[in-house]
Structures are given as C-alpha cells and as structure tokens.
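# Summary of the model geometry
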2 protein chains.
Amino acid sequence: MATKNMIIYGGAGALGRHLVEHFKAAGYSIISVDRVENANADKNVIVLQGQALFFVLRGKHPVINVAGGWCGGNAADDKFVANVDLALRQSVWTSAITCSLAAKFLKENGLFVLPGAAPVLDGATSGMIAYGAAKAAVHHMLSSVSTKDGGLPEGAASYCLAPVILDTPMNRKFMPKADTTKWTPLSYVAEKFQCWVEKPDQRPKNGSGTVFPDNP
Amino acid sequence: MATKNMIIYGGAGALGRHLVEHFKAAGYSIISVDRVENANADKNVIVLQGQALFFVLRGKHPVINVAGGWCGGNAADDKFVANVDLALRQSVWTSAITCSLAAKFLKENGLFVLPGAAPVLDGATSGMIAYGAAKAAVHHMLSSVSTKDGGLPEGAASYCLAPVILDTPMNRKFMPKADTTKWTPLSYVAEKFQCWVEKPDQRPKNGSGTVFPDNP
C-alpha cells in the first residue's frame, strides 16, 4: 500500500490536533504547518502567523487548512483596524498559501479544504466585522479556485469548512452557558474529511461551503 | 453657508482625482488620502500602501474610499500569494481604515463609500482570484457596517461602489480593443456621489452594492 500523505495547515490548533490524531490512526503520514509544533505529526513546518510558506514537497497530498481564530467588534471598536489585520493573517493569508500549495502539490482528484465560517454565508456580521470580512474573502477564494480555471489539478474537490461553532475547549471556556448539543464535534469533521479523502463518490458538490453539521 | 468637507481615500488615483476636481468645483474642501499628493486637494495625507492611518479630524465629513487596483491570475500563478497580499492592501486595508474613520468622523446621515467590484457579486472570479477575494471581503465589510449595529453614526448611508469597468486612462491603455461605451464614466460616478451627499432622499437603499451604470 502506498504511503498516504496529508498536509494540515493549522495542525496545532484544537481542530488541527484532532485531525492529526485521527488521520495518524488511519495510517496517514502528516505534515503539520502551524506556528507551533505538533509532536504527534510526522513532520512539522513552523511558520510565523500569516507568513508566506514555500517548500518543495515530494509527492502529492490532500491539503486541509483549518487555521483560524476569531475576533469580535464593529467599525467603532478602537481595535478595528488591528482586528482586520489579525483576521486577514489568520484566515486569508493561510488560505492564499494553501491555495498556492494545492495548485502545485494537490493530488489529482485530491481533497482541498479552506477554513470558512457559516455565519458569513447569511450576509452581514455586525458583531464581528473583521472576522466576517476575512471569512467572506476565504469563501470567495474557495469558490474561485474550485472552478475549472481556478488553477487546481484536474478533478480536485474543494470545500470551505463552514461550521457554526466547533466544539473546542476554547469555545466551551468562552461560552460556558451555550447549548453545546448544537455545536459540531471535532470527530464529526475528522470523519467527514476522511470519508471525502477516501471515497470520492461520497463527496459533496465541488466548491460548496459545507455547513456543519446540518448539510455535510 | 457652512464649510462642506469631504475625505477621499485614494484621492490621487484616476477616479479619486476626478472626484477631487468635481467636488472642489462644487464648493467642497477636500482631504485626499493617498500614497502621493494630489495638489488639487485642500489637504493631503500621504500614507504607505495599506498603512494604518490615525489622525484627529475637526468636524464631521462624508468619507469616500475609491482606493484600489487590480491584479489577475489564478491559484497556479507563481505570484498568487504576493497578489493576495497586494489586493488585501489595496482594497481591504484601505476599507478597514476608512470604516474606522467613518465610525468616528462621519457626519450624521453622512455618505460612506467603499471600493467594491461588480464581478464578485456574481460569484467566482477564477481569472483574478486574489482581487475577487479581496473585493468580496470589502463587500462583506460594507454590508456589516451598514447594519444598525455596525458602528457607524446614526443614519449613515453606506455603499459599495461596484462598477464593472471604470473609464480610466489606464483601462483604455490595457484594453485597447474593448467597447468603452459599456464602461462607466468617472463623471457619472462623481455626479451620483454628489447627488447622494446632498440629496438624502435620492440615495439607494443603505448597504447596497451599487452596480454602475446599470442600477445606480
């Protein structure tokens, strides 16, 4: 059996760590790209936040980007401009880098995922404008790269991960009173991704924003 | 008659220069913000591309951002990541800065404009992915700040300028064979803006992407 490789950008975050463990257990060799090392990954590439990333990979890989972060506030927030910078670095920069990686190193018919967010699909996000604008850019970037002329290899399957709220320790800490039964478990995301990597016939429509858990 | 002030971000570009001249002739005092001086403006604030901008203004002003630029290419372009950086600086950074200015210095019921682009309203832009993603962020930012809780002063009228192609010398140079009768004249944009500044009852719906010249 050939080695199964995978690149996970954001491999040291809550969802990224879960994905690394999940795919390691399923026999994959993982390159984690993040600001800190994930000792469980087979290889690590450490980058500064939003740093451009260029390395020469051997072979072809699925490319999953689950880098992210969140910041709130509207245009009157004194930190608004700084928040836009932060949100762009967290989501749009990492998406640009992974698009570029995917164009050159994605497997034919391979899986490509960018980190979107369900709330922006419904329009305005006045309580988190910087975050929403950055995620809107990511969704638009994904819809563009998923077209025939977007630059990805033939048959690539591209999705924007768009959970409403992921069930992470951080989200539980900051939303202690929330109804977590409506949150998306990390294991759900991992199982979906593995299914889509391994069973192309079960993939959703190429280019979709995949809203978890309602219409996966 | 009270002094009529206006902030034009991108006041040294093709459209910006036209707006400065137009509003000067209409009796406005103009602060141009751009990377180079516009000697026709009453005051200039020179910034680096995408530089955050903080100054203390006296009084309240309409805020019009027509900063921009264009770059093409899909995810396979070797300059893709650099193009994303460029497009974010040109459009999203300047929009973040003008949102922050508008939250603090926009007149009550004042006009606020961000630089969008009509093609992104229709979805994917595979031939200009970086540009499209940046403009999608701008449109989303505009839709968010235009809501009740977006942070702008009461009654603000916010629009995303969304021309298909503006009739500028640069566009004529790079598209010598295009049918320029379908392009939007700069004078059309200037007259619309003046109308919206001075006649609130003639403004389109707050928060809209104003596609020129079809549905201004």
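Note that this is a predicted model, so its numbers are computed, not measured.

### Here's the deal with the overall build of chain A
Along chain A, the regular secondary structure elements total 6 helices and 7 strands. When the helices and strands of chain A are read in sequence order from the N terminus, they spell out β-α-β-β-β-α-β-α-α-β-α-α-β. Taken over the C-alpha trace, chain A has a radius of gyration of 16 Å; the compact-globule value for 216 residues is 17 Å, and the two agree within 12%. Projected onto its principal axes, the C-alpha positions of chain A cover 55 × 35 × 35 Å. About 9400 Å² of surface is accessible on chain A, with carbon and sulfur atoms providing 52% of the total. The distance from the centre of the 21 positive side-chain charges to the centre of the 17 negative ones in chain A is 4 Å.

### A short note on the pattern of salt bridges
Residues and elements named next belong to chain A. Overall, the coordinates contain 14 salt bridges over all chains when judged by the stated rule. Residues lysine 24 and aspartate 42 are paired through a salt bridge, measuring 2.9 Å at the closest nitrogen-oxygen approach. Here aspartate 42 lies in the loop between β2 (28-34) and β3 (43-46) and lysine 24 lies in helix α1 (residues 14-25), a separation of 18 residues in the sequence. Between lysine 182 and aspartate 179 there is a salt bridge; the shortest N-O distance is 3.9 Å.

### Overview of unusual backbone geometry
Phi angles above zero are rare outside glycine, and A:Asn109 is one such case at about 60°. Relative accessible area serves as the criterion here: at 42%, A:Asn109 is assigned to the partly exposed category.

### Overview of the interface of chain A and chain B
Facing the 38 residues of chain A at the interface are 38 residues of chain B. Both sides together, the interface formed by chain A and chain B hides about 3000 Å², and carbon and sulfur atoms give 71% of it. Of all residues in chain A, A:Val81, A:Trp93 and A:His140 give up the largest surface area on contact with chain B, accounting jointly for 19% of the area buried on that side. Across the salt bridge formed by A:Lys104 and B:Asp78, the nearest N and O atoms sit 2.6 Å from each other.

### Some remarks on the confidence of the model for chain A
All names here are of chain A. Within chain A, residue pLDDT values average 88, and 91% of them lie at 70 or more. When pLDDT is averaged over each element of chain A, helix α4 (residues 129-145) comes out on top at 96 and strand β7 (residues 209-212) at the bottom at 68. Predicted complex metrics record ipTM = 0.84 and pTM = 0.87.

### A word on the packing of helix α2 (residues 80-105) of chain A against α4(A)
Residues and elements named next belong to chain A. Put simply, α2 and α4 touch, their axes get as near as 8 Å, and they point 20° apart. Here α2 lies roughly parallel to α4, going by the angle between them. Note on packing geometry: the crossing formed by α2 with α4 is right-handed. Here Phe80, Asn83, Val84, Ala87, Leu88, Ser91, Val92, Ser95, Ala96 and Cys99 of α2 come into contact with α4, specifically with Ile129, Ala130, Tyr131, Ala134, Lys135, Ala137, Val138, Met141 and Val145. Its residues assigned to classes, the contact of α2 with α4 comprises 15 nonpolar, 3 polar and 1 charged.

Thresholds, definitions, all that
Residues numbered from 1 in each chain as written. Chains lettered and ligands numbered in written order. Predicted model: local features only at pLDDT ≥ 70, side-chain atom pairs only at ≥ 80, totals over all residues. Heavy atoms only, no water. Helix = DSSP H or I, 4+ residues; strand = E, 2+ residues; numbered from the N terminus. Rg over C-alpha atoms; globule rule 2.2 N^0.38 Å. Areas by Shrake-Rupley, 256 points an atom, 1.4 Å probe, with all protein chains shown as cover. Lys, Arg positive; Asp, Glu negative; His and termini not counted. Charge placed at Lys NZ, Arg CZ, Asp CG, Glu CD. Salt bridge = Lys/Arg side-chain N within 4 Å of Asp/Glu carboxyl O. Buried < 20%, exposed > 50% of the residue type's maximum accessible area, 1.4 Å probe, protein only. Contact = heavy atoms within 4.5 Å. Buried area = accessible area lost by both parts, 1.4 Å probe. pLDDT = per-residue confidence, 0-100. Axes fitted to C-alpha atoms, helices over the stretch in contact; angles between N-to-C directions. Parallel < 35°, antiparallel > 145°, perpendicular 65-115°, else oblique. Left-handed = near helix turned anticlockwise from the far one by under 90°. Nonpolar A, V, L, I, M, F, W, Y, C, P; charged D, E, K, R; others polar.

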